[in-house]
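Understanding the architecture of this molecule
Each chain is listed here by its residues.
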Number of protein chains: 2
Amino acid sequence: MLSDIQTPAALIDETRMMRNIARMQAHMTTLGVRLRPHVKTSKCFEVAKRQRAQGASGITVSTLKEAEQFFAAGFDDILYAACIVPSRIDRALALRRRGCRLTVIVDSITAAQALVDKGRSEQHAFDAMIEIDTDGHRSGVKPNDELLIEIARTLHHGGAVLKGVMTHAGSSYDLDNHEALARLAEQERSLIVAAAERLRSSGLPCPEVSVGSTPTALCARDLSGVTEVRAGVYVFFDLVMSNVSVCTPPDIALSVLTTVIGHQSEKGWVIVDAGWMAMSRDRGTARHGIDYGYGAVCDCGGEVIAGYAMAAANQEHGIICRSDGEVDRDIAERFPIGHLLRVLPNHACATGAQFSEYRVIDGQNPIATWERFDGW
Amino acid sequence: MLSDIQTPAALIDETRMMRNIARMQAHMTTLGVRLRPHVKTSKCFEVAKRQRAQGASGITVSTLKEAEQFFAAGFDDILYAACIVPSRIDRALALRRRGCRLTVIVDSITAAQALVDKGRSEQHAFDAMIEIDTDGHRSGVKPNDELLIEIARTLHHGGAVLKGVMTHAGSSYDLDNHEALARLAEQERSLIVAAAERLRSSGLPCPEVSVGSTPTALCARDLSGVTEVRAGVYVFFDLVMSNVSVCTPPDIALSVLTTVIGHQSEKGWVIVDAGWMAMSRDRGTARHGIDYGYGAVCDCGGEVIAGYAMAAANQEHGIICRSDGEVDRDIAERFPIGHLLRVLPNHACATGAQFSEYRVIDGQNPIATWERFDGW
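Below is a short write-up of the structure. (Residues numbered from 1 in each chain as written. Chains lettered and ligands numbered in written order. Predicted model: local features only at pLDDT ≥ 70, side-chain atom pairs only at ≥ 80, totals over all residues. Heavy atoms only, no water.)

All right, on to the overall build of chain A then. A tally of helices and strands in chain A yields 12 helices and 17 strands. For 376 residues, the compact-globule formula gives about 21 Å, and the C-alpha radius of gyration of chain A, at 22 Å, lands near that figure. Each principal axis of the C-alpha atoms in chain A carries an extent, and together these give about 70 × 40 × 35 Å. Here the contacts in chain A between residues at least 6 apart in sequence split such that 69% fall between residues at least 24 apart. Total accessible area on chain A stands at roughly 12600 Å², and carbon and sulfur atoms take up 48% of it. Charged side chains of chain A number 39 positive and 46 negative; the gap between the two group centres comes to 5 Å. (Helix = DSSP H or I, 4+ residues; strand = E, 2+ residues; numbered from the N terminus. Rg over C-alpha atoms; globule rule 2.2 N^0.38 Å. Contact = heavy atoms within 4.5 Å. Areas by Shrake-Rupley, 256 points an atom, 1.4 Å probe, with all protein chains shown as cover. Lys, Arg positive; Asp, Glu negative; His and termini not counted. Charge placed at Lys NZ, Arg CZ, Asp CG, Glu CD.)

And the structure:
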């Protein structure tokens, strides 16, 4: 029973999660590409094992700690998808020497040169990809920038294995409909394929062409020229993804179980023991059409209780009230002290990170506890 | 040297921290009240031991996990400052039976009754305080509400030890000058003293009168009738407290050490390896006069580099640029790949919580590593 769980707790509805995994895998299979899930969302071996069992090929990580932890758990094909800095190359090398097929990425001559210098001095050929900027939101080299060829030559002629190019259309989080997302997916695809073609026409190898974000992955209609897709948050989904239009709240597999600890009845407030320490400070829906505050409120069965949201949060206190601003004067009777609620998160990656374990449920029955790790 | 530390890392400048501890303790001593620091900010024994050594009396916690951890580390006078729910009373009782002087708080008949029922069945007298609402921002009973007397009678006649009243003027975080804060501190004081007087004139005991928030504590001019003050974030301070006007950036003892991993030179962007996973998603300065984005940028010595801020953050990527919106075209030369920066946090409680340890520094020399814990 959920009442056996100390609150706040991070719940995974396994049925929903497995449905989310199957949906993404099926779409990737239809489009003829490999899926390399980004495990920064769950940081949990049990989740990644289920993605692998359903057909995923390798994993993506955002930190070397993730690479080390997942390698120790039996994942040996790992793309470290944040540009490597010189001071971290030793740690990457140590992983590779232990047998991990770790690929690193660079978007500068400085980092590429440091990688080949280290490779030369250690007689080691690193696997490297070049990050391409296809939507201007973060890192990467523009596909038509001369720098792309220079970095590729530095790697290839310096003794590294130039595995290809990768990009992440993170600006997809700002869109809200499938047409716009399909256009961005095509932009992501066509620009990185152009980058790959530039490398090949310069006589450089580019076997891998890697794209990805959950929204563009799910809305892509054609991925010609792409070899693999990376996506993370689809495994749980969240309210941001619901607002972006790639899922609905009943698809969201992660929720925070919380207990009512008090009321301010004349204001129509319920106070619960999940504050921002549990939900995270992520307010990703604030800029969207539907602002869920710190989360959407569900009953113990995971059904959304329409009209309520966590409007505000202190460190260990969440304030739940009507989302239309009306005062619910019966709120203390509706949600009495000790009552359990579940709160769907704005951003599953941020909320999951506030917990050291997930409680896995089948319906309302706890069936397992899965550890997750943190840190760098 | 700072370059020996893997980034991102949470740094504590011990000199600044000790100055912050001394400042608060001196003010409390001058006002003739005890200081009971809120350890939810640091969740670190070494920090709390230094607060105790400088004169603090007992600690405040926001979760039972904090109470359990700090009790195991030798802190036995603990106020658990979130209303207890019936399902957690067993855990509180277990702590008390092991010798912890744990005080719990309630703001409802339901919780008060559950406490005395458990006490009766276990032949145990719990120490309890009643939370008072003095500024309408969260939990607590209004000082003039008849409910106050009812809760007090339930506790006192039910066999609990009614230790007194407590309040937290959390709305102080929305103010920005000492005059307004001094007025709120006086409101906090006068309303809780009125609540205490109501209890006493009803023949009920009220030995303790506890108030606190860092801003009201530092700006209070008179605390007549108050016996103790609780404050947390003062130990580190942060950019929210700077905007609230109770510190300046050079007082901030917590910073995040980060490495430059790339640039988008034509946009004037530096990309660093501290994203929101390191800084937290807290955007507490967004509603203030000075919006620092995800943090203010400092050199390795902790001096603010005027004109730069972390304007945006992804999970493991922070984007640093000029805060006036101008494009710094020399930014790649100014902050090359591998360069170390320190970022002051919006909210120390939220940023600290992203790390499992603090690296303590004296100037730029790492001198210790202090563990911190998380969870519930």
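For the pair chain B and chain A, the best superposition has an RMSD of 0.0 Å and corresponds to a rotation of 180 degrees with a translation of 0.0 Å parallel to the axis. Viewed as a symmetry operation, the transformation between the two copies matches a two-fold axis. Residue R281(B) of chain B places its C-alpha closer to the rotation axis than any other residue of that unit, at 2.4 Å. (Least-squares fit on C-alpha atoms with pLDDT ≥ 70 in both.)

Time to look at helix α1 (residues 14–31) of chain A. Residues and elements named next belong to chain A. In this model, α1 (18 residues) spans 26 Å end to end at C-alpha, consistent with the 26 Å of a helix rising 1.5 Å per residue. All of the buried residues in α1 are E14, R16, M17, N20, I21, M24, Q25, M28 and L31. Where α1 begins, one side-chain oxygen reaches toward the backbone nitrogen of T15, 3.1 Å away; that side chain belongs to D13. The first or second residue beyond α1 is G32, which carries a positive phi of 75 degrees. (Expected span 1.5 Å × (residues − 1). Buried < 20%, exposed > 50% of the residue type's maximum accessible area, 1.4 Å probe, protein only. Polar contact = N/O pair within 3.5 Å; in protein donor to acceptor, adjacent residues only side chain to side chain.)

What follows is about the packing of aromatic side chains. In this structure the tally under the stated criterion is 14 aromatic pairs over all chains. Measuring from centroid to centroid gives 5.5 Å for Y308(A) and F335(A), while their planes differ by 90 degrees, and the two rings are edge-to-face. Taken together, the positions of Y308(A) in strand β13 (residues 304–313) and F335(A) in the loop between α11 (331–334) and β15 (340–344) put the pair 27 residues apart, joining distant regions of the chain. Judged by its relative accessible area of 7%, Y308(A) is buried. Here the aromatic cluster, defined as three or more aromatic residues joined through ring pairs, consists of F45(A), F70(A), F75(A) and F373(A). Directly above the ring of Y308(A) sits R322(A), whose terminal nitrogen or CZ lies 5.3 Å from the centroid. A cation over a ring is seen here: K267(B) above W269(B), with NZ or CZ 4.3 Å from the ring centre. (Phe/Tyr/Trp six-rings, centres within 6.5 Å; stacked < 30°, edge-to-face > 60°. Lys NZ or Arg CZ within 6 Å of the ring centre and 35° of its normal.)

Within the fold, D282(A) resides in the loop between α10 (276–279) and β12 (296–298). On the basis of relative accessibility, which here comes to 3%, the residue D282(A) falls in the buried class. When the C-alpha atoms of D282(A) and A348(A) are compared, they prove to be 9.4 Å apart, with 66 residues separating the residues in sequence. Excluding residues within four positions of it along the chain, D282(A) makes contact with N346(A), H347(A), A350(A) and R281(B). Only 3.0 Å separates the side chain of D282(A) from the side chain of H347(A), close enough to count as a polar contact.

Residue and element names in this part refer to chain A. Taking burial as the measure, the five residues of β15 include five buried ones, the bulk of the element. Burial along β15 is two-sided: L340, R342 and L344 facing one way and L341 and V343 facing the other are all buried. Where strand β10 (residues 254–264) meets β15, four bridges bridge the pair, whose relative direction is antiparallel. Looking across to β15, one finds that T259 is bridged to L340. Sheet topology places β12 next to β15; three bridges connect them, and they run antiparallel. Bridging from a neighbouring strand, C298 pairs with R342 of β15. (Pairing = 2+ DSSP bridges.)

Bringing the layout of surface pockets into the picture now. In this model, the second largest pocket occupies a volume close to 640 Å³. Around the second largest pocket sit 29 residues that line it, and Q354(A), F355(A), S356(A), D374(B) and G375(B) are the ones nearest its centre. Elements supplying a minimum of two residues to the lining of the second largest pocket: β1 (9–13) and β16 (357–362) of chain A. For the lining of the second largest pocket, the residue count by class is 14 nonpolar, seven polar and eight charged. (1 Å grid on protein atoms, 1.4 Å probe; cavity = no way out; pocket = protein on both sides within 12 Å on 5 of 7 lines; lining within 4 Å. Points joined across faces, edges and corners; volume = space filled by probe spheres on them. Nonpolar A, V, L, I, M, F, W, Y, C, P; charged D, E, K, R; others polar.)

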